[in-house]
Amino acid sequence: MTTTTAVPVGSRTGEPDPLRFFRRCHFSPGELARVRQFMRPSGRTLILPYDQFIEHDARHLEAASDAGNPDYILRLGVEGGYNAVAIHYGLTRRFWSKWEGRIPVIVKVNGKTSIPSGDYPLSVPTSFVEDAARMGAVGVGYTLYYGSPRQDEDLPQLAEVRAECEEHGLPLIVWAYPRGEAIDGKGGRDTNYAIESAVRLATEMGATIIKANLPKAAPTGFVDNTKVPGYFRELEKGWASRKFEDTLQERADRVVAASQGIPVLFSGGSQVGDEDLLWRAEVGVKAGAIGFIFGRNMWKRENASAMKITGKIQKLLDRP
């Protein structure tokens, strides 16, 4: 009896494989069918997130664009050629539904406001996986606060969301964010120690894709902070003699490697200038990231500027 081994379509035809970043690990047919809907032919993706009006209150109304208007965001996503938008239930239900499927949607199912102290953060349910499945989402987004003192609530909550995603065949995109007073006491949220550890936890929890921030240089005193594992203190000590700009590629490489093959998206974070954003995007692509989930760095810009920088990022993503 002769047996055959499945070969990815791109490998048979010589064409680019849009699922090439998903070949290292096992993913279900349902996950891959939906992931394919928000991948570029190059296998990378550019997602426009708009969950910040829950997370950051209404402060983004000061943007150069019509940032408070969900229709403006969705129009930017469609006309800018983004591969998906990531929004909460209300905007999916009331605004995205008007666009007749012209851009895939990832439904964010948890969130928190910026009002309470960030010492004990927990991102709580704002909707359910069943809602996302019913509305035709291609994925579910969940914010995990790595290191939060409330991990006894966060991790079981994420496990339940993961189980529901598996039931519906939906990809689970985990926002892997170090947060809380315990993280602050160990060097802060932006170090390689914190970000790599958050990415690894998302892998352990069953993420399909992991969203992470690019690391920053460790703060003063980090290498002498005995609360931090010696391995990471020595790592930062080795970088300390070099300019941060010269270490960022190595730092980004480590973040992607921390996932052990689960695809990583880099976030844009707070708004930066065009040159800085493009440099960081170049670093992310070289590190092996699947793409970017850039929100404020896109929709807070004046429309013409947003479209221009979007095109440049897409050219970078579509390089062989």
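Higher on the page you've got the structure.
Quick caveat: nothing in here was measured; it's all calculated off a predicted structure.

J.: Go over the overall build of the protein with me, naming the residues and quoting the values.
T.: Of regular secondary structure, the protein possesses 14 helices and ten strands. For 320 residues, the compact-globule estimate of 2.2 N^0.38 gives 20 Å, and the C-alpha radius of gyration of the protein, at 19 Å, lies within 12% of that figure. In terms of overall dimensions, the protein has a C-alpha envelope of 60 × 55 × 40 Å along the principal axes. For the protein, with 320 residues in total, the buried portion stands at 52%. Here the contacts in the protein between residues at least 6 apart in sequence split such that 71% fall between residues at least 24 apart. Placing the 41 positive and 39 negative side-chain charges of the protein at their respective mean positions leaves the two points 4 Å apart.

J.: Break down the pairing of strand β6 (residues 139–146) for me, with residues and values.
T.: Of all eight residues that make up β6, seven are buried, and the element is covered over most of its length. Sheet analysis places strand β3 (residues 105–108) next to β6, joined by three bridges and oriented parallel. Bridge pairing in β6 places Ile106 opposite Gly139. Handedness of the β6-helix α7 (residues 151–168)-strand β7 (residues 172–178) crossover: right-handed.

J.: Please provide a residue-by-residue account of the environment of Trp175, values included.
T.: Mapped onto the elements of the fold, Trp175 is located in strand β7. Note on Trp175: relative accessible area 1%, which makes it buried. The spatial distance from the C-alpha of Trp175 to the C-alpha of Gly101 is 24 Å, given a sequence separation of 74 residues. Here Trp175 is in contact with Asp51, Ala86, Lys108, Gly141, Tyr142, Thr143, Leu144, Lys211 and Ile293, once residues within four sequence places are set aside.

J.: I'd love a proper account of the sheet that holds strand β1 (residues 45–49), names of residues and values included.
T.: As summarised here, the arrangement of the eight strands in space is β1-β2-β3-β6-β7-β8-β9-β10, forming a closed barrel in which the pairing is parallel. With strand direction ignored, the average angle separating the axes of adjacent strands in the sheet is 25 degrees. With respect to the sheet, helix α14 (residues 303–317) is in contact with β1 and β10 (291–293), its orientation differing from that of β1 by roughly 145 degrees.

J.: Quick rundown of helix α11 (residues 244–258)? Include the residues and the values.
T.: Taking 1.5 Å per residue, 15 residues should reach 21 Å; α11 reaches 20 Å between its end C-alpha atoms and fits that length. Looking at the buried side of α11, the elements it contacts are α9 (192–204), β8 (209–212), α10 (230–239), β9 (264–267) and α12 (274–287).

J.: I'd like a rundown of the packing of aromatic side chains, residues and numbers included.
T.: Taken as a whole and judged by the stated rule, the model has seven aromatic pairs. When the centroid spacing of 5.1 Å and the interplanar angle of 75 degrees are considered together, the rings of Phe22 and Phe27 count as edge-to-face. Judged by its relative accessible area of 7%, Phe27 falls in the buried class. Taken together, the ring pairs connect Tyr50, Phe53 and Trp299 into an aromatic cluster.

Here is what the cut-offs are and how they apply
- Residues numbered from 1 in each chain as written.
- Predicted model: local features only at pLDDT ≥ 70, side-chain atom pairs only at ≥ 80, totals over all residues.
- Heavy atoms only, no water.
- Helix = DSSP H or I, 4+ residues; strand = E, 2+ residues; numbered from the N terminus.
- Rg over C-alpha atoms; globule rule 2.2 N^0.38 Å.
- Buried < 20%, exposed > 50% of the residue type's maximum accessible area, 1.4 Å probe, protein only.
- Contact = heavy atoms within 4.5 Å.
- Lys, Arg positive; Asp, Glu negative; His and termini not counted.
- Charge placed at Lys NZ, Arg CZ, Asp CG, Glu CD.
- Pairing = 2+ DSSP bridges.
- Right-handed = clockwise from strand over helix to strand, strands pointing away.
- Axes fitted to C-alpha atoms, helices over the stretch in contact; angles between N-to-C directions.
- Expected span 1.5 Å × (residues − 1).
- Phe/Tyr/Trp six-rings, centres within 6.5 Å; stacked < 30°, edge-to-face > 60°.

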